[in-house]
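Descriptive structure summary
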Amino acid sequence: MNKEETLLRKRLTELSRQAYHKDIVTFSDFLNLNELNILHTTPKDLFPARYETFGGYEMAERQMVAFLPDALCYEYQYPMQVLKIRPANPRFAEELSHRDYLGSLMNLGVERCKMGDILLLEDCAEVFVCQNMAGYLCQELTRIRHTVVQTELVAPEEISYEPRFEEVKGTVSSIRLDSVLALAYPLSRSKMTSYIEGGRVFVNGKLITSNGYHLKEGDILSVRGLGRIRYEGMLSETKKKRCLISLRKYI
């Protein structure tokens, strides 16, 4: 574990201690997949308070952590809001990418950990941000590349987002991680092996570096640089003892 990872674990354990000793809910900034893996692999006895994670919607990749005191008997809200960003004049708007939105936000001096997922929708983008940065970003974000934009604040509970996906079916020799990924993406099994061993594959938020990791129905696989899939399960077995499986490939 390098210095940055050690500091993150120390920061998370301190938040847990504060929640436990002060009997309050404490929150982290948005954590990426690597940071969430550090959270999930930290020995539980280092966290005196239990925790939950949330990124604003189901299946969010970047998530906040809430550390909860044992005696919690009230509802709590994660300190996040949503920026809804639209072109001021759609007729003259450019086609903006995830990178365009992220670059413009970071050019305002905001660290990546203050922002969650960026959702690209048909007529706008929705960006989850830390509550203490939301007003500043809403006021200052007026242009992305050459496109003038309008920004408003929306509460996360007002967001209704269903990730689009395509169904993929095919046969694999076994329900191994490398076999399933090779079915989902147009890459060879050896190429997928390099992704797995290179620390780029997460299953349910946990880093997996074993090619032979056996998947369970409902597992969510995140591959950095490629996207996410959900293993739906095995449909049948062929005469040659291969497994016919179904996947959801998010697009």
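So, a few notes on the structure that sits alongside this text. As the structure is a computational prediction, the values presented were derived from the model and not from experiment.

**Remarks on the pairing of strand E13 (residues 227–237)**
Relative to E13, strand E12 (residues 220–223) runs antiparallel, the two being bridged by four bridges. Of the residues in E13, the one forming a bridge with Val223 is Gly227. Between E12 and E13, which pair antiparallel one after the other, the connecting turn spans three residues, and Gly225 there sits at a positive phi close to 90 degrees. Relative to strand E14 (residues 243–250), E13 is paired through seven bridges, and the arrangement is antiparallel. Looking across to E14, one finds that Ile229 is bridged to Lys249. Connecting E13 to the next strand, E14, in antiparallel fashion are five residues, including Lys241 with a positive phi near 65 degrees.

**Concerning the sheet that holds strand E3 (residues 64–68)**
Backbone-to-backbone hydrogen bonds join strands into a sheet, with any given pair of strands oriented parallel or antiparallel. Strands sit in the order E1-E3-E2 across an open sheet of three strands; the sheet is antiparallel. The outermost strands of the open sheet, each flanked by one partner alone, are strand E1 (26–27) and strand E2 (50–54). Where E1 lies against E3, two bridges are found, and the strand directions are antiparallel. Bridge pairing links Phe27 to Ala66 in E3.

**Quick look at the nonpolar core**
In this structure, Ile175, Leu177, Leu181, Leu215, Ile229, Ile245 and Leu247 are the most contacted members of the largest nonpolar core, which totals 22 residues. Ranked by residues supplied to this core, first place goes to helix H5 (residues 177–184) with four residues. Sequence-distant contacts of Leu247, defined by excluding residues within four places in its chain, comprise Glu166, Glu167, Val168, Val180, Leu183, Ala184, Ile229, Arg230, Tyr231 and Glu232.

**Thoughts on unusual backbone geometry**
Although it is not a glycine, Asp23 sits at a positive phi angle of roughly 60 degrees. Mapped onto the elements, Asp23 comes out in the loop between helix H1 (3–22) and E1. With a phi angle near 65 degrees, Lys241 is a residue other than glycine that sits in the positive phi range. Locating Lys241 in the fold gives a position in the loop between E13 and E14.

**Some thoughts on the layout of surface pockets**
Taken as a whole, the largest pocket spans an internal volume of roughly 950 Å³. Forming the boundary of the largest pocket are 27 residues, of which Glu61, His98, Asp117, Ile118 and Arg228 lie nearest the centre. When contributions to the lining of the largest pocket are tallied by element, the ones reaching two or more residues are helix H2 (33–41), strand E5 (115–120), E12 and E13. Counting residues per element, the lining of the largest pocket draws most heavily on E5, at four residues. Grouping the amino acids of the lining of the largest pocket by side-chain chemistry returns twelve nonpolar, six polar and nine charged.

**A few points about the pattern of salt bridges**
Going through the model one piece at a time under the given rule, you end up with 13 salt bridges. Taking the shortest distance from any N to any O, the salt bridge between Arg17 and Glu14 comes out at 4.0 Å. In this pair, Arg17 and Glu14 are both assigned in helix H1, three residues apart and thus about one turn of the helix distant. Residue class for Arg17 comes out partly exposed when judged on its relative accessible area of 37%. Given the relative accessible area of 39%, Glu14 is considered partly exposed. Taken together, the salt bridges that share partners define one network made up of Glu94, Asp100 and Arg145.

**Let's talk about the environment of Phe92**
Positionally, Phe92 belongs in the loop between strand E4 (80–87) and helix H3 (98–106). Judged by relative accessible area, Phe92 falls into the exposed class, the value being 61%. Sequence separation between Phe92 and Val148 is 56 residues; the distance between their C-alpha atoms is 9.2 Å.

**Here's the deal with the environment of Leu181**
With respect to the helices and strands, Leu181 occurs in helix H5. Each C-alpha atom, one on Leu181 and one on Leu247, is 9.9 Å from the other, the two residues being 66 residues apart in sequence. Those residues within four positions of Leu181 in sequence are excluded, and the remaining contacts are Met192, Ile196, Val201, Leu221, Val223 and Ile229.

**Comments concerning the packing of H5 against helix H6 (residues 189–197)**
In contact at an axis separation of 9 Å, H5 and H6 are set at 115 degrees when each is read in the N-to-C sense. Crossing of H5 over H6 shows right-handed handedness. In contact with Leu177, Asp178, Ser179, Leu181 and Ala182 of H5, H6 contributes Arg189, Met192, Thr193 and Ile196. Of the residues that constitute the contact of H5 with H6, the class distribution is five nonpolar, two polar and two charged.

Criteria and thresholds
- Residues numbered from 1 in each chain as written.
- Predicted model: local features only at pLDDT ≥ 70, side-chain atom pairs only at ≥ 80, totals over all residues.
- Heavy atoms only, no water.
- Pairing = 2+ DSSP bridges.
- Helix = DSSP H or I, 4+ residues; strand = E, 2+ residues; numbered from the N terminus.
- Core = buried A, V, L, I, M, F, W, Y, C linked by side-chain atoms within 4.5 Å.
- Buried < 20%, exposed > 50% of the residue type's maximum accessible area, 1.4 Å probe, protein only.
- Contact = heavy atoms within 4.5 Å.
- 1 Å grid on protein atoms, 1.4 Å probe; cavity = no way out; pocket = protein on both sides within 12 Å on 5 of 7 lines; lining within 4 Å.
- Points joined across faces, edges and corners; volume = space filled by probe spheres on them.
- Nonpolar A, V, L, I, M, F, W, Y, C, P; charged D, E, K, R; others polar.
- Salt bridge = Lys/Arg side-chain N within 4 Å of Asp/Glu carboxyl O.
- Axes fitted to C-alpha atoms, helices over the stretch in contact; angles between N-to-C directions.
- Left-handed = near helix turned anticlockwise from the far one by under 90°.

Purely spatial values, then, with no claim about function.
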